[in-house]
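The chain contents come next:
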Amino acid sequence: MARLTGRLATALLTVVVATCAIYTAVALLPGDPLAPFLRQDTLAGLSTEQRSALERAHGLDRPVLVRWVRWLGRAVQGDIGRSLRTNRPVADEIAARFGATLELNLAATLLAVLIGIPLGWWSAHRPGGLADRLGGALTLALYALPYFWLALILQHLFAVQLGWLPLYGRTPPDAAAGFGARIAHLTLPATSLALHMIAFYARFARGATLEGLQALSARLARALGVPERRILVREGIVPSLVPLATLFGLLLPALASGSVLVETIFSWPGLGSLFVTALLSRDLPVVLALTTLTVVLTVAGSVAADLLVTAADPRRRVSPAGETGP
Amino acid sequence: MSPSRARCARHDRRRFLRRLGLAAAGTLLGSGCRPARRAAGAAGRPARLALMSDPRSLDPMRAPDIDGWRLARLIGDSLIDIDAGATPVPRLARRWQWRDEGRTLVFALDERARWHDGQAVTAADVVHTWRTAVDPEIALPELQQDFASVDTVEAHSPTEVVVRYREPFAPALLSWRLPVIPRHHADRVEQPLGCGPWRFADWQTGERLLFEANPDYHLGPPGIPGLRFEIIRDYGAQLDALISGLIDVAPLAPDGFRRVRDDEAFARRFEIVSYRMPYIFYIAWRSDRRPALFDDARVRRALSLAIDRQGFLDRVAEGLGDVGVTSFHPEIWGFDASIEPWPYDPERAARLLDAAGWQQRDRDGVRVRNGVPFRFRLLYAATSTQNDRIAGFVQAHLREVGIAMELEPADWSVVLDRSRTRRFDALMSGRMLGYDPDPYELWHSSQAAAGVNYCGYRVADVDALIERARRIHDRAERTAIYRRIQRRLHEDEPMTVLFYPRSRVAVSREIADFVSGPAGYIDFWPGPAGWRWRSAAESARAAIARWRG
């Protein structure tokens, strides 16, 4: 319990320090801080009084650290500000798009988990065999290729050239279009995102499984004549789940911010495209909220993975005397 | 032929034959030739257009982005508007009249005008709109700037609005293109209520906006049943969507234009429409820079003479636009077409620089005057490779006449900040001009220290002419004054107007009566309200004409 409390306190401190760093970095970017509010020509023609009034109205006349403390104070109470671009509450902006990003990333993760991990196990089953070498080459290629490039290729091939799948967007214009149409819209962005993840999971699962299969216990089992399939499951696959659990900790932040480029390419109305728009227009509250969300999810994922691994692997548990178990 | 073009061509042939058959059937039935907007009525489907991102707001009081402003103006209606040629035309006001030597403007409202909820649009709504626009707590500062010279706005009757100005101010009329907002409906953000030709129907954040035709619009319903704006975040993807038949109208960026301009299959399905908005792309030379580099008009003329602008358009960026003359724009009245742009003439440029005292050269071949080398930095927004290419081109040409220009690309907000605080030597930028030629902001001395007169141009004669033109309502008289100003600007050359850029849009040939002009293809009257779907017979006739010719 004490360990958990300590872990949570560290996590909280990490989040606070990260928001301070992000706030300061974005606020100190060179350029006119009023740029998000007004047209270029209007900005140039503002009188000194109008400029001061606008800076006061948006709290820009105070030092950065004071602004950050005020922001943090309000954020703790659930108010994360208004978008400088649209003047709408940031929470509403995020809520309107969170579902789209979650849908895309969950679909991609599901694809990656269902294909990548079994592929890794299969490759590890006979290391050096034809399947392993083919799988290795394929995953290496997928891993090396930038995923946004893959996305553009897939988009051009399946949407522009063949016209089989929708070119952009999350939903068809026809409100009456059914579930099939939604899936069609999801296919290309999710696949683009998943291909890279498949390669990553497959290589990770292969490595972890292979480690188990080459361990002393596996060799002993083999010498005792235990069937190979059983060895694969008990000595390879099951132990590989522990390092894979740490990987799932990384999934959490990816659910919110792992698809920026793919969302932009496919005009997917999620948090990624919101982030790009906010960043380009110096919309500090939105940038801050999204990066903070990512930090929170990263820290939460890390804590969750830690707890998961501790639960799964008795060796990680700390005894009351402060020593690790056998 | 690439697979996509082949597919496009096959698709086009099938479409053509289908239309030809339909046309023949229509003719046999005696109904094939019914043209005109009302015949098609609002039949068919909504026209589909592309947007790069969600508009910031549909509230005309708080829409700082161009898209938001244009969309707000589709839903709303204003007292006056401009037509495709940028001439003021009535909308909510049936007519307007200047009185009291140009100090009073009287609008007579069209009594047929109705809000989308059925209530009448009254003079009280106009007064409410003005009060909101000048309230700094609600509206954006630019609206307060637009109405700065207004003293009072009064409703003398439900259909008569009287605007009193502190002093005669001729350019004021166009500020009444601001959409009128309803007094009885407070929610301008989630459920905007207008009285224009289009009704707000739906906004799926990040995906699309839908406007429906207003069948009760007092100037007649639009010819198509709606407008759907699809949010597609890249010009290339917008063009792909157009070719794939997902949208009907898409702007063409230079790359996209090069991609499709010689594509016959594309040309059969889409028309490429070119237009010039009142936009100038310029280099502002800071004449008040110290040590002085650009304080002599001969030097500034030499700079313009040294840059081969036409050569750039011919060899590097075909179709980008036309060589600029002064900050007055050929698409806006008052422009003096008899003034020719300074040609590319490096020898003459060199002679002018010599005459201005820049004869000596240092070891690097850079001109020197009184120990000061002719070296400076060009600040510009690094927003596109096009800007880099233009800056590099200018740099190479100035180098040939002994001027060393260092490039200083920066983020656009940095450029904004530094131009506002005058921390630059020369600035390459663009500016959207108004539809009235009044050049007060650009060239009046009062704007030199803080304002848009980035060149620091201070000439008392020009100030007096600008002020005089603002007080005169007669267009011919104002034109005569503006011609004098243009001649003076041409001689002084405080900025080199590199180009009058040209924009392009690809439009499905199924849309008829698509008109463009200085206001683009949306933001004028009737704009999209004048579009209609071509009948099958019309399409067939047009296709036959194209195939023949």
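Analysis parameters
- Within each chain, residues carry numbers counting from 1 in the order of the written sequence.
- Whichever chain is written first is A, and whichever ligand is written first is 1; the rest continue in order.
- The model is predicted, so local features are restricted to residues of pLDDT at least 70 and side-chain atom pairs to those at 80 or more, both for listing and for counting; the totals for chains, interfaces and linings are taken over all residues.
- Heavy atoms from the whole structure form the basis of all side-chain values; hydrogens and water molecules are not counted.
- Each helix corresponds to a stretch of at least 4 residues labelled H or I by DSSP, and each strand to a stretch of at least 2 residues labelled E; elements are numbered beginning at the N terminus.
- The atom set for the radius of gyration is the C-alpha atoms, and the globule formula is 2.2 Å times the number of residues raised to the power 0.38.
- Accessible area is worked out with a 1.4 Å probe on protein chains only. A residue is then buried under 20% of its type maximum, exposed over 50%, and partly exposed in between.
- A contact between two residues is defined here by any heavy atoms of the two lying within 4.5 Å.
- Surface exposure here means Shrake-Rupley accessible area, sampled with a 1.4 Å probe, where a residue is shielded only by the protein chains that are shown.
- Joining two parts hides part of their accessible area as seen by a 1.4 Å probe, and the buried area is that hidden amount summed over both.
- Salt bridges are counted wherever a side-chain nitrogen of Lys or Arg sits within 4 Å of a carboxyl oxygen of Asp or Glu.
- Following the grouping adopted for this structure description, the nonpolar residues are Ala, Val, Leu, Ile, Met, Phe, Trp, Tyr, Cys and Pro, the charged ones are Asp, Glu, Lys and Arg, and the polar ones are all others, Gly among them.
- Segmentation into domains, and thus their bounds, comes from an automatic or database assignment.
- Two N or O atoms count as a polar contact when they lie within 3.5 Å, although within protein this holds only if one can serve as hydrogen donor and the other as acceptor, and sequence-adjacent residues are included solely when both atoms are side-chain atoms.
- Only when DSSP finds a minimum of two bridges between them are two strands counted as paired.
- Cavity and pocket criteria rest on a 1 Å grid covering protein atoms alone: a 1.4 Å probe that fits but cannot get out defines a cavity, protein on both sides within 12 Å along at least 5 of 7 lines defines an open pocket, and an atom within 4 Å of a point defines a lining residue.
- Grid points are joined across faces, edges and corners, and a volume is the space filled by probe spheres set on the points.
- Counted as positive: Lys and Arg. Counted as negative: Asp and Glu. His and the chain ends are not counted at all.
- Between N-to-C directions, angles span 0 to 180 degrees; the directions come from axes that are lines fitted to C-alpha atoms, helices contributing only their stretch in contact.
- The patches described consist of residues with a relative accessible area above 30% and no salt bridge, like charges being joined within 9 Å and nonpolar side chains (Val, Leu, Ile, Met, Phe, Trp, Tyr) within 5 Å.
- In plain words, nonpolar cores are sets of buried Ala, Val, Leu, Ile, Met, Phe, Trp, Tyr and Cys residues tied together by side-chain atoms within 4.5 Å.
- In this scheme, a crossing is called left-handed if the near helix is turned counterclockwise away from the far one by less than a right angle; it is called right-handed if the turn is clockwise.
- The criterion for an aromatic pair is that two Phe, Tyr or Trp rings (for Trp, the six-membered ring) have centres within 6.5 Å, with stacked assigned to planes under 30 degrees apart, edge-to-face to planes over 60 apart and tilted to the rest.
- Two conditions define a charge sitting above a ring: the NZ of Lys or the CZ of Arg must be within 6 Å of the ring centre, and it must be within 35 degrees of the ring normal.

Quick look at the overall build of chain B
- The helix and strand inventory of chain B stands at 17 helices and 24 strands.
- Relative to the 2.2 N^0.38 estimate, which gives 24 Å for 549 residues, the radius of gyration of chain B is 26 Å and therefore close to what a compact globule would have.
- Taken over the C-alpha atoms alone, chain B extends approximately 85 × 65 × 40 Å along its principal axes.
- When the 549 residues of chain B are sorted by exposure, 58% land in the buried category.
- Taking all contacts inside chain B whose residues are at least 6 apart in sequence as the whole, residues at least 24 apart take part in 69%.
- Summing over all exposed atoms, chain B offers an accessible surface of approximately 22100 Å²; the carbon and sulfur share of this is 49%.

Quick notes on the interface of chain B and chain A
- Listed by partner, the interface residues are 45 residues for chain B and 42 residues for chain A.
- Interface area, chain B with chain A, both sides summed: about 3800 Å², of which 48% is carbon and sulfur.
- Between chain B and chain A we count one salt bridge in total.
- Contributions of two or more residues to the side of chain B that touches chain A are made by α1 (3-28), α5 (141-146), β10 (226-231), α6 (235-243), α13 (412-420) and β20 (426-432) of chain B.
- Per-element tally for the side of chain B that touches chain A: the top contributor is α13 of chain B, with six residues.
- Its residues placed into classes, the side of chain B that touches chain A shows 18 nonpolar, twelve polar and 15 charged.

Structural notes on the domain arrangement of chain A
All names here are of chain A.
- As assigned here, chain A comprises domain 1 (2-76) and domain 2 (95-317).
- One C-alpha centre belongs to domain 1, the other to domain 2, and the line joining them spans 33 Å.
- Between domain 1 and domain 2, the contact holds 20 residues from the first and 15 residues from the second.
- For the pair domain 1 and domain 2, the summed buried area comes to about 1500 Å², and 71% of that belongs to carbon and sulfur atoms.
- Its largest share of buried area at the contact with domain 2, domain 1 owes to Arg7, Ile22 and Val26, together 30% of the area lost on that side.
- Counting every contact that joins domain 1 to domain 2 gives zero salt bridges.
- The interface formed by domain 1 and domain 2 holds zero residue pairs in polar contact (both at pLDDT 80 or more) in total.
- Ranked by residues supplied to the side of domain 1 that touches domain 2, first place goes to helix α1 (residues 2-27) with 13 residues.
- Tallied by class, residues from the side of domain 1 that touches domain 2 come to 14 nonpolar, three polar and three charged.

A closer look at the sheet that holds strand β17 (residues 372-373) of chain B
All names here are of chain B.
- The three strands lie next to each other as β15-β16-β17, forming an open sheet whose pairing is antiparallel. Every interior strand has two partners, whereas the edge strands, β15 (360-361) and β17, have only one.
- Bridge count between β15 and strand β16 (residues 367-369): two bridges; the pairing is antiparallel. Note on β16: the bridge partner recorded for arginine 361 is arginine 367.

Considering the pairing of strand β21 (residues 495-501) of chain B
All names here are of chain B.
- When you tally the buried positions in β21, you get seven out of seven residues, the bulk of the element.
- Pairing of strand β13 (residues 279-285) with β21, which is carried by four bridges, proceeds in the antiparallel orientation. Looking at β21, one finds that alanine 284 is bridged to methionine 495.
- Bridge count between strand β14 (residues 321-323) and β21: three bridges; the pairing is antiparallel. Each bridged residue has a counterpart across the sheet, and for glycine 321 the counterpart in β21 is proline 501.

A look at empty space enclosed by the protein
Residues and elements named next belong to chain B.
- Under the counting rule described, the total for this entry stands at five cavities of 30 Å³ or more.
- Empty space within the largest cavity amounts to approximately 110 Å³.
- What lines the largest cavity is a set of 15 residues, among which Pro60, Ile181, Pro192, Leu193 and Gly194 lie closest to the centre.

A short note on the side chain of arginine 300 of chain B
Residue and element names in this part refer to chain B.
- You can see arginine 300 is positioned in helix α9 (residues 297-306).
- With no salt bridge to any partner, buried arginine 300 finds its closest opposite charge in aspartate 492, at an N-O distance of 4.8 Å.
- With sequence-adjacent residues up to four places away left out, arginine 300 is seen in contact with Trp285, Ser287, Phe294, Asp295, Asp492, Glu493 and Pro494.

Regarding the sheet that holds β14 of chain B
All names here are of chain B.
- The six strands are arranged β14-β21-β13-β20-β18-β19 in an open sheet whose pairing can be described as mixed. Every interior strand has two partners, whereas the edge strands, β14 and β19 (404-410), have only one. Each strand of the sheet is rotated relative to its neighbour by a mean of 25°, with strand direction disregarded.
- Two elements, β13 and β20, share seven bridges in a ladder whose sense is antiparallel. Looking at β20, one finds that tryptophan 285 is bridged to alanine 426.

Side note on a nonpolar patch on the surface
All names here are of chain A.
- On the surface, Phe148, Trp149, Leu152, Ile153 and Leu261 cluster together into a nonpolar patch covering about 440 Å² of accessible area.
- Per element, the largest residue contribution to the nonpolar patch is four residues, and it comes from helix α7 (residues 147-161).
- Structurally, the position occupied by tryptophan 149 is in helix α7.
- Of the residues examined, tryptophan 149 reaches a relative accessible area of 41% and is grouped as partly exposed.

Describing α9 of chain B
Residues and elements named next belong to chain B.
- The buried count for α9 comes to nine of ten residues, which makes it a mostly enclosed element.
- All of the buried residues along α9 are Ala297, Val299, Arg300, Arg301, Ala302, Leu303, Ser304, Leu305 and Ala306.
- Packing partners of the buried residues in α9 comprise β13, α10 (309-316), α11 (346-355), α12 (385-400), α16 (475-492) and β21.

Quick word on the pairing of strand β1 (residues 47-51) of chain B
Residues and elements named next belong to chain B.
- Among the five residues of β1, five are classified as buried, and the element is accordingly described as predominantly covered.
- Alternating positions in β1 separate into two faces, Ala47, Leu49 and Leu51 on one and Arg48 and Ala50 on the other, with burial throughout.
- One ladder, built from five bridges, connects β1 with β10; its direction is parallel. Bridged to leucine 49 within β10 is phenylalanine 229.

Details of the nonpolar core
- Membership of the largest hydrophobic core comes to 110 residues, with the highest contact counts inside it found for Phe107, Trp176, Phe211, Leu227, Phe229 and Trp531 of chain B.
- Apart from residues no more than four positions distant in its own chain, tryptophan 176 of chain B is found in contact with Ser78, Leu79, Ile80, Leu105, Phe107, Val126, Trp130, Phe147, Val153, Val163 and Tyr165 of chain B.
- Membership of the second largest hydrophobic core comes to 46 residues, among which are Leu104, Ala107, Leu186 and Trp268 of chain A.

What to know about the pattern of salt bridges
All names here are of chain B.
- According to the stated counting rule, one finds 53 salt bridges over all chains in the structure shown.
- Here arginine 177 makes a salt bridge to aspartate 523, at a shortest N to O gap of 3.5 Å. With arginine 177 in the loop between β7 (160-165) and β8 (198-204) and aspartate 523 in the loop between β23 (511-512) and β24 (532-533), the pair connects residues that are 346 residues apart, well separated along the chain. Across this residue pair, the class does not change: arginine 177 and aspartate 523 are buried.
- Salt-bridge contacts for glutamate 230 lead to arginine 208; the nearest nitrogen and oxygen are separated by 3.0 Å. Placement of the pair is glutamate 230 in strand β10 and arginine 208 in strand β9 (residues 208-213), with a sequence separation of 22 residues. Grouping residues by exposure puts glutamate 230 and arginine 208 together as buried.
- Each of Arg73, Asp77, Asp81, Arg91, Arg177 and Asp523 takes part in salt bridges that share partners, so that together they form one network.

A few points about the packing of helix α5 (residues 90-125) of chain A against helix α8 (residues 179-213) of chain A
Residues and elements named next belong to chain A.
- The N-to-C vectors of α5 and α8 enclose an angle of 35°; their axes lie 5 Å apart at closest approach. Every pair of crossing elements has a handedness; the one defined by α5 and α8 is right-handed.
- Here the residues of the contact of α5 with α8 sort into 23 nonpolar, seven polar and three charged.

Remarks on the packing of aromatic side chains
All names here are of chain B.
- One pass over the full model with this rule turns up 28 aromatic pairs over all chains.
- Ring pairs connect the aromatic residues Trp285, Phe294, Trp358, Phe374 and Phe376, which therefore count as one cluster.
- Sitting above the plane of the tyrosine 440 ring, arginine 470 keeps its charged end 3.9 Å from the centroid.
- Looking at arginine 504, its charged tip hangs above the ring of phenylalanine 257, at a distance of 4.1 Å from the centre.

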